[in-house]
Structures are given as structure tokens and as C-alpha cells.
Amino acid sequence: MSFLVYLSGEIHTDWREQIAAGAKAAGLDVTFTAPVTDHDASDAAGDHLGAESDAFWRDHKSSKINAIRTKTLIEQADLVVVRFGDKYKQWNAAFDAGYCAALGKPYITLHAPDIIHPLKEVDASAQAWATSPEQVVEILRYTLKA
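On a predicted model such as this, the values are computed, not experimentally measured, just so you know.

## What about the pattern of salt bridges?
Piece 1. Evaluated as defined, the whole model comprises six salt bridges.
Piece 2. As a salt-bridge pair, E52 and K61 come within 2.9 Å of each other at their nearest N and O atoms.
Piece 3. A relative accessible area of 38% places E52 in the partly exposed class.
Piece 4. Under the relative-accessibility criterion, K61 is labelled buried at 16%.

Printed below as a string of C-alpha cells:
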């Protein structure tokens, strides 16, 4: 069995690379996709549509362009991993988890124990909560090879 896994959320650490390396080392047939993880490029996704004097409209245009990729890749995925880091609030990650829940798309949350309370509803709809990339790889290993 093969899986297409979308890696959503926090972009400031190497958790995606850790999961991909772990899956490769385990010999898993997994293809990973992700949002644009270059923060500046993501923020500028709509700039080619014309300059904006108000930051709201720049963000609005770029978020719509980014949503084309996010929506498509989540819909295509067999599983989504949603990472919540400790540096920023990652509202977009919570939105992605909610979208998965609405679609009936299985997802795993990945975050530290100290943010269990603010993520209780997000975790309640997830198929699993992991605290490390290694745990995510183990879930993939079990799911694909069990």
C-alpha cells in the first residue's frame, strides 16, 4: 500500500524532513506534499496581481493563492499531519485540521503537551496525537505495513 501524506502547519523547524527521512529509513511507500514553506514567498504569493497599500489586501490576495495549493493537496491526500509549533499561533494549521474534519479526511496532530488545552477540539477530531516526528513515522509504519 502507498500513501500520499500532506504535512501541514509550522514552517520554522525541520519536522517535515525528520518524518520524510524516518519514512524512507523504514522503507515506507509514502509521498509527502506540503504548503509553500518559504515564509517570504508565501506572503508574496499574490504580489504579481498588483501592489496593495493596505497590508490586509496583500495578505488577502496571497492567502487565496496559497489556498489553491493547500485545498488541492489536502483533498488529494490519504492522510494529513498537522504540526503546531511553539513559536507562533499557526491559525492556518487549525484551519487545515478543521477542513480535514469537515472532509472526513484522517489527520494526525503533532504538538507538545503544553498546548493540549487550546487544541482540545482539534485533537478530538484527529485520529491520533503525536508529540514527535518519530511517533508519526511509527503511525505510518503501522498503517502501511500492518
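There is more to say after this.
## A short note on the packing of helix α1 (residues 15-25) against helix α6 (residues 133-145)
Piece 1. Here α1 crosses α6 at 40°, and the two axes come no closer than 9 Å. By the criterion of interaxial angle, the relationship of α1 to α6 is oblique. Taken as a pair, α1 and α6 cross one another with a handedness that is right-handed. Of the residues in α6, those in contact with W15, Q18, I19, G22 and A23 of α1 are P133, E134, V136, V137 and L140.
Piece 2. By residue class, the composition of the contact of α1 with α6 is seven nonpolar, two polar and one charged.

Definitions and limits used
Residues numbered from 1 in each chain as written. Predicted model: local features only at pLDDT ≥ 70, side-chain atom pairs only at ≥ 80, totals over all residues. Heavy atoms only, no water. Salt bridge = Lys/Arg side-chain N within 4 Å of Asp/Glu carboxyl O. Buried < 20%, exposed > 50% of the residue type's maximum accessible area, 1.4 Å probe, protein only. Axes fitted to C-alpha atoms, helices over the stretch in contact; angles between N-to-C directions. Helix = DSSP H or I, 4+ residues; strand = E, 2+ residues; numbered from the N terminus. Parallel < 35°, antiparallel > 145°, perpendicular 65-115°, else oblique. Left-handed = near helix turned anticlockwise from the far one by under 90°. Contact = heavy atoms within 4.5 Å. Nonpolar A, V, L, I, M, F, W, Y, C, P; charged D, E, K, R; others polar.

Geometric values such as these leave the question of function open.
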